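These are the residues of each chain, in order.
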Amino acid sequence: MTENNGEIRKMMIILSKASIENVYAAFVLANGARMEGIEAEMFFTFFGLEAIHNKKLDHLHVATVGNPAMHMPTMLGGLPGMEALATSMMKKEMEKLDMPEVREFLEILKASGVKLWACKLAMEMFHYEKEDMFPDLDGVITVGDFYKQATGIGAHMLFI
Amino acid sequence: MEKLIANKQIQVNEEGYLANFSEWNKEVGEAIAVEAAIDLSPKHWEVINYIQDEFKKESPLSIRKIGKSGVVDIKEFYALFPNAPLKTATKIAGIPKPASCI
């Protein structure tokens, strides 16, 4: 931590989930980095790919099951319509805070210089093609490629 | 604390943001821009004026709002004020650092 005084120069954020609370956490961290003059790159893997899948990214949900912070019994969370209800409530609150929708947030990230990468292995697993994804994606790469992107002093990696 | 900016003693906080917007003038803005290694163009001034207008309206600033301002888009904003654009632009504009996370 002595080199560069431990200052963060680059955030490498891996998103492996697509429940809306995780997606927003990752996006806010990436955007927040750029706002501070820190570089940021994102790697979307496994279910995280849904956050950049063109047909799915506008329909992400809050996880109501297996989420202790929802403060509702797990069985209730599984009832029909519960996810949609929790999602629309959360979206209303986020709009009040001037939080953009997922697609607009991706556009903001791109315009801010965040690099967006899709995981090659996960793309193959889900049978997705690059054409299925958010058009401004920087590319489909391997884990090794992503690690290479992190080269340099002050790079930090975060798994969500 | 006090700092000498453009030959004026001005109250600033520890990060160099002006304590009182009333002490700001164009020369002060220019001097802060020089410190941030930014050469102010007419486009920079358009953005600074917009930011100051929003501040006077007490409307909180965010990167999303800048993008929707009609003055600059987000890409341009980052190009004009590289490295922490909103922080740098508000400092030059003489207003407090935005507390928003977005």
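Residues numbered from 1 in each chain as written. Chains lettered and ligands numbered in written order. Predicted model: local features only at pLDDT ≥ 70, side-chain atom pairs only at ≥ 80, totals over all residues.

1. Observations concerning the nonpolar core
Stated formally: One nonpolar core equals one set of buried Ala, Val, Leu, Ile, Met, Phe, Trp, Tyr and Cys residues connected by C-beta atoms within 7 Å. Three classes are used. A residue is buried when 20 or more other C-beta atoms lie within 10 Å of its own, exposed when 12 or fewer do, and partly exposed in between, with C-beta atoms placed from the backbone. For the purpose of contact definition, each residue receives a C-beta atom placed from its backbone, and two residues are in contact when these atoms lie within 7 Å.
Counting residues in hydrophobic clusters, the biggest one holds 61 residues, and the most contacted among them are Ile13, Val23, Ala30, Met42, Phe44, Ala51 and Ile52 of chain A. Non-local contacts of Phe44 of chain A, meaning those with residues more than four positions away in its chain, are made with Leu15, Leu49, Ala51, Ile52, Trp117, Ala118 and Cys119 of chain A.

2. Quick word on the environment of Arg34 of chain A
Here is the rule: Secondary structure elements are defined from DSSP: runs of H or I of at least 4 residues count as helices, runs of E of at least 2 residues count as strands, and each element is numbered from the N terminus.
Take Arg34 of chain A: it is sitting in helix H1 (residues 20–35). Each C-alpha atom of the pair Arg34 of chain A and Leu109 of chain A lies 8.5 Å from the other, and the pair is 75 residues apart in sequence.

3. A closer look at unusual backbone geometry
Non-glycine residue His127 of chain A carries a positive phi angle of around 55 degrees. In this fold, His127 of chain A is placed in the loop between helix H5 (120–125) and strand S4 (139–141). Exposure remark for His127 of chain A: the 7 C-beta atoms within 10 Å place this residue in the exposed category. The backbone phi angle of Ala6 of chain B is positive, close to 50 degrees, even though this residue is not glycine. Along the polypeptide, Ala6 of chain B turns up in the loop between strand S1 (2–5) and strand S2 (8–11). You can call Ala6 of chain B partly exposed: it has 14 C-beta atoms within 10 Å.

4. Concerning the packing of helix H2 (residues 42–56) of chain B against helix H5 (residues 85–93) of chain B
Residues and elements named next belong to chain B. The condition that has to hold: Angles run from 0 to 180 degrees between N-to-C directions of axes, and those axes are lines fitted to C-alpha atoms, restricted for helices to the stretch in contact. Should an angle fall under 35 degrees it is called roughly parallel, over 145 degrees roughly antiparallel, and 65 to 115 degrees roughly perpendicular, with every other angle called oblique. Here the term charged refers only to Asp, Glu, Lys and Arg, the term nonpolar to Ala, Val, Leu, Ile, Met, Phe, Trp, Tyr, Cys and Pro, and the term polar to all other amino acids, Gly among them.
Close contact between H2 and H5 brings their axes to 9 Å; oriented N to C, the two are set at 80 degrees. The orientation of H2 relative to H5 falls into the category roughly perpendicular. The residues of H5 that touch H2, namely those facing Val47, Ile48, Ile51 and Gln52, are Ala89, Thr90, Ile92 and Ala93. Counted by class, the contact of H2 with H5 contains six nonpolar, two polar and no charged residues.

5. Details of the interface of chain A and chain B
Often, the extent of an interface is quoted as the loss of accessible area upon association of its parts. At the interface, 13 residues of chain A touch 14 residues of chain B. Top contributing element to the side of chain A that touches chain B by residue count: H1 of chain A, with four residues. Taken together, the residues of the side of chain A that touches chain B break down into six nonpolar, five polar and two charged.

6. Quick look at H5 of chain B
Burial analysis of H5 of chain B places eight of its nine residues in the buried class, the great majority of the element. Within H5 of chain B, the full set of buried residues consists of Pro85, Leu86, Thr88, Ala89, Thr90, Lys91, Ile92 and Ala93 of chain B. Buried residues in H5 of chain B make contact with H1 of chain A together with helix H1 (26–35), H2, helix H3 (63–67) and helix H4 (74–80) of chain B. Gly94 of chain B occupies a position one or two residues after H5 of chain B and carries a positive phi of about 80 degrees.

7. Concerning the environment of Ile8 of chain A
Residues and elements named next belong to chain A. Take Ile8: it is sitting in the segment before strand S1 (10–15). In this structure, the C-alpha to C-alpha distance between Ile8 and Asn22, residues 14 residues apart in sequence, is 22 Å. What Ile8 contacts, discounting residues up to four positions off in sequence, is Ile38, Gly154 and His156.

8. Some thoughts on the packing of H1 of chain B against H5 of chain B
Working note: a packed helix pair is described by the angle between its axes plus the distance between those axes. Residues and elements named next belong to chain B. Where H1 contacts H5, the axes come no closer than 7 Å and their chain directions differ by 145 degrees. Listed contacts from H5 to Gly29, Ile32 and Ala33 of H1 are Lys91, Ile92 and Ala93. Classifying every residue of the contact of H1 with H5 gives four nonpolar, one polar and one charged.

9. Topic: the sheet that holds strand S5 (residues 155–159) of chain A
Within a sheet, adjacent strands bond to each other through the backbone by hydrogen bonds, running parallel or antiparallel. Residue and element names in this part refer to chain A. Heads up, the rule is: Between any two strands, pairing holds if DSSP finds at least two bridges.
Strand order in this open sheet of five strands is S4-S3-S2-S1-S5, and the pairing throughout is parallel. The open sheet has two edge strands, S4 and S5, and neither has a second partner. Each strand of the sheet is rotated relative to its neighbour by a mean of 25 degrees, with strand direction disregarded. As judged from the five bridges shared by S1 and S5, these two strands associate in the parallel manner. Its bridge partner being in S5, Lys10 is matched across the sheet by Ala155.

10. With respect to the pairing of strand S3 (residues 115–119) of chain A
The side chains of a regular strand alternate between both faces of the sheet. All names here are of chain A. Spelled out, the test is: A right-handed crossover is one whose linking path, passing over the helix from the first strand to the second, runs clockwise when the strands point away from the viewer.
The buried fraction of S3 is high, at four of five residues. Of the strand pairs in this sheet, strand S2 (residues 39–44) and S3 are connected by four bridges, and their pairing is parallel. Each bridged residue has a counterpart across the sheet, and for Met42 the counterpart in S3 is Leu116. Pairing between S3 and S4: three bridges, direction parallel. Each bridged residue has a counterpart across the sheet, and for Cys119 the counterpart in S4 is Ile141. Of the crossover connections in this fold, the one passing from S3 over H5 to the parallel S4 is right-handed.

By themselves, these figures tell us nothing about what the structure is for.
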